[in-house]
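If you want the building blocks of each chain, they are given just below.
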There are 2 protein chains.
Amino acid sequence: MGGPRFEPVRAVRAYERVVEQVEEAIESGSLSPGERLPSERELMVQFSVSRSTVREALRVLQARGLVRSRPGDPNGAEVLPFSPATLHKSMTTLARVEELSLAELVQFRMVLDSSAILLAARLRTDAQFAEMESAVAHMRTAVETGQDTFGEADVAFHDVVARASGNKLIQICTDVVRSIVLKLISEKIADAPDREALMRQSIRHHEEVLAAMRAGDGPLAARLSKKAMYDYYAGYIPAPERPALSALLD
Amino acid sequence: MGGPRFEPVRAVRAYERVVEQVEEAIESGSLSPGERLPSERELMVQFSVSRSTVREALRVLQARGLVRSRPGDPNGAEVLPFSPATLHKSMTTLARVEELSLAELVQFRMVLDSSAILLAARLRTDAQFAEMESAVAHMRTAVETGQDTFGEADVAFHDVVARASGNKLIQICTDVVRSIVLKLISEKIADAPDREALMRQSIRHHEEVLAAMRAGDGPLAARLSKKAMYDYYAGYIPAPERPALSALLD
DNA sequence: CTAGTGCACTGGTCGGACCAGTAGGCTACG
DNA sequence: CGTAGCCTACTGGTCCGACCAGTGCACTAG
């Protein structure tokens, strides 16, 4: 010990340095969404690398959701506003590769959703509360008239709640996890024999949550929402995993 | 309406189809972590595309954290086990580009951590509980002896808890968000004038949480953990954002 | 049997070429 | 004079062939 600590000189590839520079420019704000990068042929001059290298760098940036390029576009690649698409992508592969069970996903939804409701109970605006009410009303009419928009209305409800929580991270993760869960069990839901009963029960639960929020009782609303989601999804989850789910219920 | 619904024929690029096929092979399990892809020159024969196209596809796969390639390796690219690295990456850029505030990140940690504790209170093994106790003990000795390992021990504690929750998603997200938060305020923490007082208070809070878990009172442990994290981080958060944070406290 | 040396691969980079698109300026027609 | 249509100068997407610096393994010389 003592003596100068030399760092291992990892061979840094040319395209990586291109990625770094562009990334830096974007994250520092000197390149804003909507702006255009120079053309590939221009970039290869500026970075003094070959076009292959420029293209590989652009592929990486594109994979990270930072830019998009369109063939034939007289301008260069477009700098994109951040979207949770890549977050969504990596979480989806996480779910598939890492064998995330449906139970874990639903459990995570319960956590996120109940927290969002707890926050929304205190921080929501009246307009947002009205949105929630109209979403639930929409759920009800969907069931009454036999329309197939129950799911959409349900999603809309939870979207407003997530927005009202004021936490973008909660909002994004809610969105991502929900879409994964829905994709996993969309067929099962459609085939459920007691589907209408489940929907009616769900509506009741949503109304109870709204009532608690109206009364200003955030913790109660949060608890109710966990219970609601548990009741809605428990049927699709293997019995041995249900105890872990119900462990979330106070 | 009526008539055949034609889908817009989005020009699908060659390298994308290569990506899809390899991704499919990996996620379906026919290509397991540790296995090797054929060499680039072999792939360009199998897919009958040029090497440039193969390389662009590999860059995308690499950016998604699915494979890694090393120059000179006689074997092809290596299929990687999933790692939250890309999740971490996209969340970090989210934090930088989308202006995720420190308050939101800490709030999210409070949500994740308290839920993990709620679950761990019921699902933990005795060995895991012993690990938690030893982590807290380590925190204490670090403060007593003036060692700089308080942070590590703290991280170790929350790591055990996340593991004990039995939910891999909670575990991964906890890890990612925590490292981002720590990076954001590592300097501030080191410079805090009342640092030792904060540490002692934090230890007390951890012990209270442990006591509640020992008593089997998960909800209490969860509530205490939220309070603990709030007290520990509130000082670093601008006053106007603190109400949103404390809204999580029951 | 071991230590050293090639060799036959690997991925990384380069340069040049062609294609199918697009956008905008220009021309020719109304 | 205005507009519809073409034309050109770009763009990104793909291909090819070449070279380099590494790596591992087989082979050879000790």
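Attention here is on the structure that accompanies the text. Counting restarts for each chain: residues are numbered from 1 in the order of the written sequence. Written order decides the labels, with chains lettered from A and ligands numbered from 1. With pLDDT at 70 or above as the cut-off, local features in this predicted model cover only qualifying residues; side-chain atom pairs require 80 or more to be listed or tallied, and sums for whole chains, interfaces and linings still use all residues.

### Observations concerning the overall build of chain A
Phase 1 of the analysis: Scanning chain A from N- to C-terminus turns up 11 helices and two strands.
Phase 2 of the analysis: Listing the helices and strands of chain A from first to last along the sequence gives α-α-α-β-β-α-α-α-α-α-α-α-α.
Phase 3 of the analysis: For the radius of gyration, the atom set is restricted to C-alpha positions; the globular benchmark scales as 2.2 Å times the number of residues to the power 0.38. For 250 residues, the compact-globule estimate of 2.2 N^0.38 gives 18 Å, and the C-alpha radius of gyration of chain A, at 24 Å, exceeds that figure by more than 25%.
Phase 4 of the analysis: Structurally, chain A occupies a C-alpha span of about 65 × 55 × 40 Å along its principal axes. Put simply, DSSP marks the helices as runs of H or I at least four residues long and the strands as runs of E at least two long, and each gets a number from the N terminus on.

### What about the protein's contact with DNA strand C?
Phase 1 of the analysis: In this analysis, residues qualify as near a molecule or strand once their C-beta atom, positioned from backbone atoms, comes within 6 Å of it. Around DNA strand C there are 24 residues in total, and A14, V49, T53 and G72 of chain A together with S39 of chain B lie nearest to it.
Phase 2 of the analysis: Counting residues per element, the ones that place at least two in the surface near DNA strand C are α1 (14-27) and α3 (51-63) of chain A together with α2 (40-46) of chain B.
Phase 3 of the analysis: Polar here means any residue other than Ala, Val, Leu, Ile, Met, Phe, Trp, Tyr, Cys and Pro, which are nonpolar, and Asp, Glu, Lys and Arg, which are charged; Gly is therefore polar. Looking at the surface near DNA strand C residue by residue, the classes come out as eight nonpolar, eight polar and eight charged.

### A look at the protein's contact with DNA strand D
Phase 1 of the analysis: The immediate surroundings of DNA strand D are formed by 23 residues, with S39 of chain A together with A14, V49, T53 and G72 of chain B found nearest.
Phase 2 of the analysis: Of all the secondary structure elements, the ones that give two or more residues to the surface near DNA strand D are α2 (40-46) of chain A together with α1 (14-27) and α3 (51-63) of chain B.
Phase 3 of the analysis: Looking at the surface near DNA strand D, the element that brings in the most residues is α2 of chain A, giving three residues.
Phase 4 of the analysis: When its residues are assigned to classes, the surface near DNA strand D shows eight nonpolar, eight polar and seven charged.

### Examining the relation of the copies chain A and chain B
Phase 1 of the analysis: Superposition of the copies used a least-squares fit over C-alpha atoms from residues whose pLDDT is at least 70 in both. If you rotate chain A by 180 degrees and push it 0.1 Å along the axis, it lands on chain B with an RMSD of 0.2 Å. Here the symmetry operator amounts to a two-fold rotation axis.
Phase 2 of the analysis: Here contacts are defined at the residue level, using C-beta atoms placed from the backbone and a cut-off of 7 Å between them. Mapped onto chain B, 100% of the interface residues of chain A are again interface residues, and the two copies thus contact each other with one and the same surface.

### Details of the environment of S83 of chain B
Phase 1 of the analysis: Its place among the elements puts S83 of chain B in the loop between β2 (78-79) and α4 (85-97).
Phase 2 of the analysis: Between the C-alpha atoms of S83 of chain B and E56 of chain B, which are 27 residues apart in sequence, the distance is 22 Å.

### Focus: the packing of helix α6 (residues 126-145) of chain A against helix α7 (residues 150-164) of chain A
Residue and element names in this part refer to chain A.
Phase 1 of the analysis: Between α6 and α7, the least distance of the axes is 8 Å, while the angle of their chain directions is 165 degrees. The pairing of α6 with α7 is recorded here as roughly antiparallel in orientation. At the point where α6 passes α7, the crossing takes the left-handed sense. Only F150, A153, D154, A156, F157, V160, V161, R163 and A164 of α7 make contact with α6, whose side of the interface consists of Q128, E131, M132, A135, V136, H138, M139, A142 and V143.
Phase 2 of the analysis: When its residues are assigned to classes, the contact of α6 with α7 shows 13 nonpolar, two polar and three charged. Axis definition: a line fitted to C-alpha atoms, over the contacting stretch in the case of helices. Angles run 0 to 180 degrees between N-to-C directions. The cut-offs work like this: below 35 degrees is roughly parallel, past 145 is roughly antiparallel, 65 to 115 is roughly perpendicular, and the gaps in between are oblique. Should the near helix be turned counterclockwise from the far one by less than a right angle, the crossing is left-handed, whereas a clockwise turn marks it as right-handed.

### Regarding unusual backbone geometry
Residues and elements named next belong to chain A.
Phase 1 of the analysis: You will see that S48, though not glycine, has its phi angle at about 45 degrees, which is positive.
Phase 2 of the analysis: Looking at the element boundaries, S48 is found in the loop between α2 and α3.
Phase 3 of the analysis: Remark: C-beta atoms are placed from the backbone, and a residue is labelled buried if 20 or more other C-beta atoms sit within 10 Å of its own, exposed if 12 or fewer do, or partly exposed between those counts. Overall, S48 belongs to the exposed group, with 9 C-beta atoms counted inside 10 Å.

### Notes on the interface of chain A and chain B
Phase 1 of the analysis: Taken together, the 39 residues of chain A in the interface contact 39 residues of chain B.
Phase 2 of the analysis: If you list the elements that add at least two residues to the side of chain A that touches chain B, you get α3, α4 (85-97), α5 (102-123) and α8 (168-191) of chain A.
Phase 3 of the analysis: Counting residues per element, the side of chain A that touches chain B draws most heavily on α5 of chain A, at 10 residues.
Phase 4 of the analysis: Grouping the constituent residues of the side of chain A that touches chain B by class yields 20 nonpolar, eight polar and 11 charged.

### With respect to the packing of helix α5 (residues 102-123) of chain B against helix α7 (residues 150-164) of chain B
For any two helices packed against each other, the geometry is given by the interaxial angle and the distance between the axes.
All names here are of chain B.
Phase 1 of the analysis: One way to put it is that α5 packs onto α7 with a least axis distance of 7 Å and a crossing angle of 65 degrees. Crossing hand, α5 versus α7: left-handed. Of α7, the residues touching α5 (which contributes D113, A116, I117, A120 and L123) are H158, V161, A162 and A164.
Phase 2 of the analysis: Counted by class, the contact of α5 with α7 contains seven nonpolar, one polar and one charged residues.

### A closer look at the environment of Q147 of chain B
Phase 1 of the analysis: Within the element layout of this structure, Q147 of chain B appears in the loop between α6 (126-145) and α7.
Phase 2 of the analysis: Separated by 91 residues in the primary sequence, Q147 of chain B and P238 of chain B have C-alpha atoms spaced 30 Å apart.

### Comments concerning the nonpolar core
Phase 1 of the analysis: We define a nonpolar core as a collection of buried residues of the types Ala, Val, Leu, Ile, Met, Phe, Trp, Tyr and Cys that are connected via C-beta atoms lying within 7 Å of each other. One finds I117 and V161 of chain A together with I117, V161 and A221 of chain B to be the most contacted residues of the largest nonpolar core, which totals 101 residues.
Phase 2 of the analysis: By size, the runner-up hydrophobic cluster in this structure holds 32 residues, among which are V67 and A77 of chain A together with L43 and L58 of chain B.

### A few points about α7 of chain A
Residues and elements named next belong to chain A.
Phase 1 of the analysis: Here a helix's expected span is defined as the number of its residues, less one, multiplied by 1.5 Å. Helix length check: α7, at 15 residues, gives a terminal C-alpha distance of 21 Å against a target of 21 Å (1.5 Å per residue), a fit within 8%.
Phase 2 of the analysis: Burial in α7 covers these residues: F150, A153, D154, F157, H158, V160, V161, A162 and A164.
Phase 3 of the analysis: Elements that come into contact with the buried residues of α7 comprise α5, α6, α8 and α9 (195-214).
Phase 4 of the analysis: Two residues or fewer past α7, G166 is found with a positive phi of approximately 80 degrees.

### Some points on the environment of P33 of chain B
Residue and element names in this part refer to chain B.
Phase 1 of the analysis: Within the fold, P33 resides in the loop between α1 and α2.
Phase 2 of the analysis: Along the chain, P33 and V67 lie 34 residues apart, while their C-alpha atoms are 8.7 Å from each other.
Phase 3 of the analysis: The contacts of P33, once residues within four sequence positions are left out, are V79, L80 and P81.

### Overview of α3 of chain A
Phase 1 of the analysis: Here α3 of chain A is 13 residues long and its end C-alpha atoms lie 18 Å apart, about the 18 Å a rise of 1.5 Å per residue gives.
Phase 2 of the analysis: Regarding α3 of chain A, the residues found buried are V54, R55, E56, A57, L58, R59, V60, L61 and A63 of chain A.
Phase 3 of the analysis: In this structure, the buried residues of α3 of chain A make contact with α1, α2 and β1 (67-68) of chain A together with α3 of chain B.
Phase 4 of the analysis: Positioned one or two residues after α3 of chain A, G65 of chain A has a phi angle of 80 degrees, which is positive.

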